[in-house]
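Fold and geometry: a report
These are the residues of each chain, in order.
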Amino acid sequence: MDMGTWYVLSMVAYALALVWSGWSFAQARPSSTRIGYGLFVAAFALVTAVFLARLASLRGAADYSRGDLALFIAWLMITVTVAMGRGGASSPVALLLNAVGFGLALLAGGLQAQSSAPFLPASSLLALHVALAVLGDTAFAFSFSFALMHLVLEERLRRRLFDRWYLHLPSLATLDSLALFASATGAGLLFLAMVTGLWWGDRVLHQWLLTWPKFMVTAFCLMLYVSYLVWRMRRRVATRAMMVFQVICFVVVLSNLLFVGGRLP
Amino acid sequence: MGVRCVNIFVVGLSHKTAPVELRERVSLGETEVRHVLTQLRDSRTVLESVVVSTCNRLEIYGLGPSARAGSDFALAAVAKTTGVDRDVLWRYAYVREGEDAVRHGMRVACGIDSVVFGETQILGQMRDAYHLSLEEGATGSVFNRLFREIIHVGKRAQTETSIGREAVSVSYAAVQLARKVLGELHDKQVVVIGAGHMAGLAARHFGAQKPKSLLIFNRTLERAQALAAEVGGGAHPLDEDGIAQALAHADVVLTAIGQGRYVVTKEMVASAMMSRRGRPLVILDIAVPRDVDPEVSSSTSVYLYDVDDLEGVVAANLEERARQEAAVEAMIEEGVRAFSQWLAEQEVVPVIAALHRRGEAIEREVMASLLRKLPHLTERDQKVIHKHMMSIVHQLLREPVKNVKELSLQSGDPSYAETLAALFGLEPETSHNRVRVEWRQGSSYAADAARRPALS
């Protein structure tokens, strides 16, 4: 089987795991929780195989594509779910995390189809830049998931809808803290990624890439997250508004990933 | 055969079968329970017993030759202790036997049979009841094992499911709701307005969360001070300025006065929110008529809930507990199977032990005979011969022992162990003074409801 077939298989397993666990959460049946967890383990194994096969096909860290990045974030989310154990896999936290993860995994397939040959001269500085950027985007994906959970719970608390989502999601304060931690981590990593990227440009290409569209949009993303962090620390805005802002921030990060090319000028 | 067949049974009255007038008359204190246990222990009708007495149930778990005779004797002991007529007790009693009795005990321990589905207090009460029986010498090997299994299943239900985790009272639901918004309350400031019954209950629940501060506001300062002293907080007289000041700093405000006018107004909250910088404020109004102007919830950082909302939380929690029932029932079935297997082992283990003893005795006899005939054998030769003879004994017994164990455990039929004992002539040693628990024929019955007289 070629990698495309493996990818399709892994997406089918992932979709099944997500749908089954959602149904199992709604029904609260222990036997179906077990099956849901089994499906997540199967999806984890398949996505890991696809991801490792992709890594093996790369000649260097800088050869990664936007699809690889999306797949990596999705893989991390399944890994967290599997690590949460049987009970956690059918919790609303896992469901929302994996809804985001599944979306990114599908996106990965679409982006992979458009991927082109590597174009950047490799160096260890570039590898460090790539690693920092990937980890930063992953932290933002988690922050986005926590913001979504916050909005879901907030909506229930406002509408007095005391259903299973209300019962099983962590408190608003916990979700707020998690989103803050993930955003702060992501912003720190992104800043370091930008510094190493600029440094690499100076050393390898002998130019500061300050006017490069990718750099400018990334700087805009960083500015958005820093604004969120400042607002959050000063608590000038209601938490709900900050969570909506978090969602907007991640949409900009995704747009940067999808629409702003990585080609050098 | 010297085997006595006995039954496990439970006879009792609960909120499901008996009115409160009767339940309160048969609710036994520790001394009375000891009295009943002594009567049961001294009888030949009940060999082992445990008495569980709570405000909603009185149950006597017994082991005896006849479940009916044992139940009758147990109710007679209760009648003698409480002065309630035995016939009246019988009219409201239910009896479960064998597997049904064991399953019932586990259901009770898990809180499935309680007035509030999934309540956790009953597990502690059953544990205490068992320890009391143990102290009184009223339990033996069967009930020691049975109650360990019952308590184990009850603990599993509490730790592995959320059956007893969610709040089922309005006052505790208030705490749960506050925690859903604010997380842990240990660094939060709580204000309770009122010092009546409901405010007191809520203040105790909030006090148990060890908040940073807990202030009680009340018209009568003495009542506020008494409650504050109990829950470890401060007391203030009920005045508008004091409440307005408290609103600026509080994270949770609970009101339970119900005096017919708003104690917390929209203006007070709006003014407080100016200085709170978006920090969320949870307001729980459990008074009827309401103490808090519903308009205060228009502020984005204010979470206002009234008593209807809290009842909605309680209803959702009860629904969630009921959803866990299937998982708990599965644990109960595992517990029943484990106990059943243990009972089956009790039939076969003594026979196997006796068989090994017989083999060792034969080896000793043969060894003695050999030494008489060959006195020149060195100590090393004797050791080698002993080792090889024991090896023959063990190899010879390995297969029959393994097979009889498997067949007995799989079928639950004690006749395999009996046959093995008969084949090796072990019967007089192994079956002396033994009891066999009749297990498979579980049944239950209750008095005809139509015959129940009204209690005067």
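Per chain, residue numbering runs from 1 following the sequence as it is written. For naming, the first written chain is A and the first written ligand is 1, with later ones following in the order written. In keeping with the predicted nature of the model, local features appear solely for residues at pLDDT of at least 70, side-chain atom pairs appear and are counted solely at 80 or more, and the whole-chain, interface and lining totals rest on all residues.

**Considerations on the overall build of chain B**
What counts is decided by this rule: Helix and strand assignments come from DSSP, with helices taken as H or I runs of at least 4 residues and strands as E runs of at least 2, each series counted from the N terminus. We compute the radius of gyration from the C-alpha atoms alone; for a globule the expected value is 2.2 Å times N to the 0.38, where N is the number of residues. Every C-beta atom is placed from the backbone, and the number of other C-beta atoms within 10 Å of a residue's own sets its class: buried at 20 or more, exposed at 12 or fewer, partly exposed in between. Contact between residues is assigned whenever the C-beta positions, reconstructed from backbone atoms, fall within 7 Å.
Secondary structure summary: chain B contains 17 helices and twelve strands in total. Radius of gyration (C-alpha) of chain B: 32 Å, far over the 23 Å computed for a compact globule of 456 residues. Looking at the 456 residues of chain B, the share that counts as buried comes to 41%. A separation threshold of at least 6 residues defines the contact pool for chain B, and within that pool the share at least 24 residues apart is 73%.

**Examining the overall build of chain A**
A tally of helices and strands in chain A yields ten helices and zero strands. Reading the secondary structure of chain A in the N-to-C direction produces α-α-α-α-α-α-α-α-α-α. For chain A, buried positions account for 41% of its 265 residues. Residue pairs at least 24 apart in sequence account for 78% of intrachain contacts in chain A once pairs closer than 6 positions are excluded.

**Quick word on the domain arrangement of chain B**
Put simply, the rule reads: Throughout, the edges of the domains are those of an automatic or database domain assignment.
When its domains are assigned, chain B resolves into domain 1 (3-165 + 323-338), domain 2 (170-321) and domain 3 (344-438). For domain 1 of chain B and domain 3 of chain B, the distance between their C-alpha centroids amounts to 39 Å.

**A word on the pairing of strand S6 (residues 213-218) of chain B**
Strand residues, when the strand is regular, have side chains that alternate between the two faces of the sheet. All names here are of chain B. Let me state the cut-off plainly: What makes two strands pair is DSSP finding at least two bridges between them. Whether a crossover is right-handed comes down to one check: with the strands pointing away from the viewer, does the path from the first strand over the helix to the second run clockwise; if it does, it is right-handed.
Within S6, five of the six residues are buried, leaving the element largely enclosed by the surrounding structure. Bridging between strand S5 (residues 189-193) and S6 involves five bridges; their strand directions are parallel. Looking at the pairing, Val-191 lines up with Leu-215 of S6. Handedness of the crossover joining S5 and S6 through helix H9 (residues 197-208) is recorded here as right-handed. Pairing between S6 and strand S7 (residues 234-237): four bridges, direction parallel. Among the inter-strand pairings, Asn-218 is bridged to a residue of S7, identified as Pro-237. At this point the chain moves from S6, through helix H10 (residues 221-231), to the parallel S7, and the crossover so formed is right-handed.

**Remarks on the environment of Gly201(A)**
Residue and element names in this part refer to chain A. Here Gly-201 is to be found in helix H8 (residues 172-205). For Gly-201, a count of 20 C-beta atoms within 10 Å corresponds to the buried category. Through-space distance from the C-alpha of Gly-201 to that of Val-247 is 31 Å; in sequence the pair is 46 residues apart. If we ignore the near neighbours within four places in the chain, the residues touching Gly-201 are Gln-207, Trp-208 and Leu-209.

**Remarks on the packing of helix H8 (residues 170-182) of chain B against H9(B)**
Residue and element names in this part refer to chain B. In plain terms, the rule: Axis lines are fitted through C-alpha atoms, for helices just across the contact stretch, and the angle between N-to-C directions can take any value from 0 to 180 degrees. Oblique is the label for every angle not falling under 35 degrees (roughly parallel), over 145 degrees (roughly antiparallel), or within 65 to 115 degrees (roughly perpendicular). Left-handed describes a crossing whose near helix is turned anticlockwise from the far helix by less than a right angle; the clockwise case is right-handed. Three classes are used: nonpolar for Ala, Val, Leu, Ile, Met, Phe, Trp, Tyr, Cys and Pro, charged for Asp, Glu, Lys and Arg, and polar for all others, with Gly counted as polar.
The geometry of H8 relative to H9 is characterised by a closest axis approach of 8 Å and an angle of 45° between their N-to-C directions. Here H8 lies oblique to H9, going by the angle between them. Judged by the twist between their axes, the crossing of H8 over H9 is right-handed. Counting all contacts with H8, which are made through Ser-171, Tyr-172, Ala-174 and Val-175, the residues of H9 involved are Met-198, Leu-201, Ala-202, His-205 and Phe-206. Residues that form the contact of H8 with H9 fall into these classes: seven nonpolar, two polar and no charged.

**Notes on the interface of chain A and chain B**
At the junction of the two partners, chain A supplies 18 residues and chain B supplies 22 residues. For the side of chain A that touches chain B, the element with the highest residue contribution is H8(A), accounting for three residues. Taken together, the residues of the side of chain A that touches chain B sort by class into nine nonpolar, three polar and six charged.

**Things to note about the nonpolar core**
We apply this condition: Take the buried Ala, Val, Leu, Ile, Met, Phe, Trp, Tyr and Cys residues, join any whose C-beta atoms are within 7 Å, and the set you get is a nonpolar core.
Formed by 132 residues in total, the largest nonpolar core has its most connected members in Val47(A), Ala74(A), Ala174(B), Val192(B) and Ile283(B). Tallying contributions element by element places helix H6 (residues 124-159) of chain A first for this core, with 15 residues. Residue contacts for Ile283(B): discarding those within four places in its chain leaves Val253(B), Val264(B), Val292(B), Val296(B), Val302(B), Tyr303(B) and Leu304(B). Of all hydrophobic cores here, the second largest spans 71 residues; its members include Val11(B), Val50(B), Phe147(B) and Val348(B).

**What to know about unusual backbone geometry**
Leaving glycine out, the prevailing phi sign among residues is negative, and the prevailing peptide bond configuration is trans. The amide bond that connects Val288(B) to the next residue, Pro289(B), takes the cis arrangement and shows omega of 0°. Checked against the element boundaries, Pro289(B) lands in the loop between strand S9 (281-285) and strand S10 (302-306). Positioned with a positive phi, Arg160(A) is a non-glycine residue whose angle comes to about 55°. Examined against the element boundaries, Arg160(A) turns out to sit in the loop between H6 and helix H7 (164-168). Within the chain, Lys210(B) stands out as a residue other than glycine whose phi angle is a positive 50°. C-beta crowding within 10 Å serves as the criterion here: with 13 such atoms nearby, Lys210(B) is assigned to the partly exposed category.

**With respect to H8(B)**
Residue and element names in this part refer to chain B. Put simply, the rule reads: Working rule for helices: expected span equals 1.5 Å times residues minus one.
Here H8 spans 18 Å end to end across 13 residues, near enough to the 18 Å set by a 1.5 Å rise per residue. Counting buried residues along H8, eleven of its 13 residues qualify, which places the element largely inside the surrounding structure. Taken together, the buried positions of H8 are Ser-171, Tyr-172, Ala-173, Ala-174, Val-175, Leu-177, Ala-178, Arg-179, Lys-180, Val-181 and Leu-182. Phi for Gly-183, located one or two positions after H8, is positive at around 80°.

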